[in-house]
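Chain residues, written in single-letter form:
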Amino acid sequence: MSKAITFSEYGAAEVLRPSEVTPPEPAPGQVRIRVRAASVNPFDLKHRSGLMAQAAPARFPVIPGLDAAGVVDAVGEGADAAVGDEVLGFTVGGGYAEYALLVRPVGRPRSLSWEVAASLVTVGETASRVLRQLDARAGQTLLVHGAAGSVGTIAVQLAVARGITVVGTVGEHDVERLTAQGATAVRYGDGWAERVKAAAPQGVDLVFDASGAGVLADSVALAGDSARVITIADMSAAEHGVRFSAGSAGSADQADDSLPQLVQLAAAGELDLPVWRTYPLDQAATAHRDIEARRNKGKVVLLP
């Protein structure tokens, strides 16, 4: 038996409980890792609370966690890894555990910490996916809402590297960091649209909403067409004719092939993803509460 965090009913963070589970066995194409770090994502909180019950109904008991990093200790037939390899990737069956299954594992460069390796998977794929869906190109101006969040900060860096002019909405304490990434920082809150117009007199071509802060109507007006706006966080998207971009909730089957490139960029110091705090595995409920209270200023990671 091994340790894991599970929940057997929807509810507040208290439903997360340390449990004893049988280590999973890898199916063809999968590897099992001894988890060194597991990322906590907003999806985990929504899944636990029941907000995703219709889109992704739980089969209790649930081990949360979309992505993890660790050392391979068992290999399924046809998997592209060997026992002893250090890898990261999307989990099958949850990552808040001592052992987890990964699909399409990517090797971890030694210059990449375990914490960042685990953190990069879902947020990196999301940022890359939305930029692809927007068909963002050099010479365009992109507005990123929630530019200081984990998805936003990766989207900003990827877009700037492609020669895209980026304007990002952030809080006052994040202005300096966003500016250092090569973007123009605009304070969110009342009057943000006018501040964006002043910061981008050439106009806004595309909008990536990673905030879910009720900004879609004004974003469509700024971009001039709802087809130029995508959100990953605002469930009212359809009311504004805006696309809601959702991943595959941890299954790499629908993920793009951006992760190996993102890993190399991060390992080379060309992509920064702040990790705010790490917690022991048995403090997963505390980690969830901190995120729900918006205390975190970067990724939150569990260390089994």
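Everything that follows concerns the structure shown earlier in this document.
Residues numbered from 1 in each chain as written. Predicted model: local features only at pLDDT ≥ 70, side-chain atom pairs only at ≥ 80, totals over all residues. Heavy atoms only, no water.

Enquirer: Explain the packing of aromatic side chains to me, please; I cannot follow it from the model alone.
Expert: Each pair of aromatic rings is reported with the distance of its centres and the angle of its planes. For the structure on display, the rule yields two aromatic pairs. The interplanar angle of 70 degrees and the centroid separation of 6.0 Å between the aromatic rings of Phe7 and Phe60 together place this pair among those described as edge-to-face. Taken together, the positions of Phe7 in the loop between strand 1 (2-6) and strand 2 (17-21) and Phe60 in the loop between helix 1 (42-49) and strand 4 (67-75) put the pair 53 residues apart, joining distant regions of the chain. A relative accessible area of 0% means that Phe7 is categorised as buried. On the accessibility criterion, Phe60 (38% relative accessible area) is partly exposed. Aromatic side chains Tyr10 and Phe60 sit 5.2 Å apart centroid to centroid with 70 degrees between the ring planes, which places their arrangement in the edge-to-face category. With Tyr10 in the loop between strand 1 and strand 2 and Phe60 in the loop between helix 1 and strand 4, the pair connects residues that are 50 residues apart, well separated along the chain. (Phe/Tyr/Trp six-rings, centres within 6.5 Å; stacked < 30°, edge-to-face > 60°. Helix = DSSP H or I, 4+ residues; strand = E, 2+ residues; numbered from the N terminus. Buried < 20%, exposed > 50% of the residue type's maximum accessible area, 1.4 Å probe, protein only.)

Enquirer: Explain the nonpolar core to me, please; I cannot follow it from the model alone.
Expert: Grouped burial of nonpolar side chains is what soluble globular proteins tend to show. By size, the foremost hydrophobic cluster in this structure holds 45 residues, and its most contacted members are Leu88, Leu120, Leu142, Ile154 and Phe208. For this core, the elements supplying multiple residues, two or more each, are strand 5 (86-92), strand 6 (99-107), helix 2 (114-134), strand 7 (141-145), helix 3 (150-161), strand 8 (165-170), strand 10 (206-209) and helix 7 (259-267). Looking at which element gives the most residues to this core, the answer is helix 2, with eleven residues. Setting aside chain neighbours within four positions, we find Leu142 in contact with Leu131, Leu134, Ala159, Ile164, Thr165, Val166, Val167, Leu206, Val207 and Phe208. Grouped together as the second largest cluster of nonpolar side chains are 18 residues, Ala13, Val15, Tyr279 and Leu302 included. (Core = buried A, V, L, I, M, F, W, Y, C linked by side-chain atoms within 4.5 Å. Contact = heavy atoms within 4.5 Å.)

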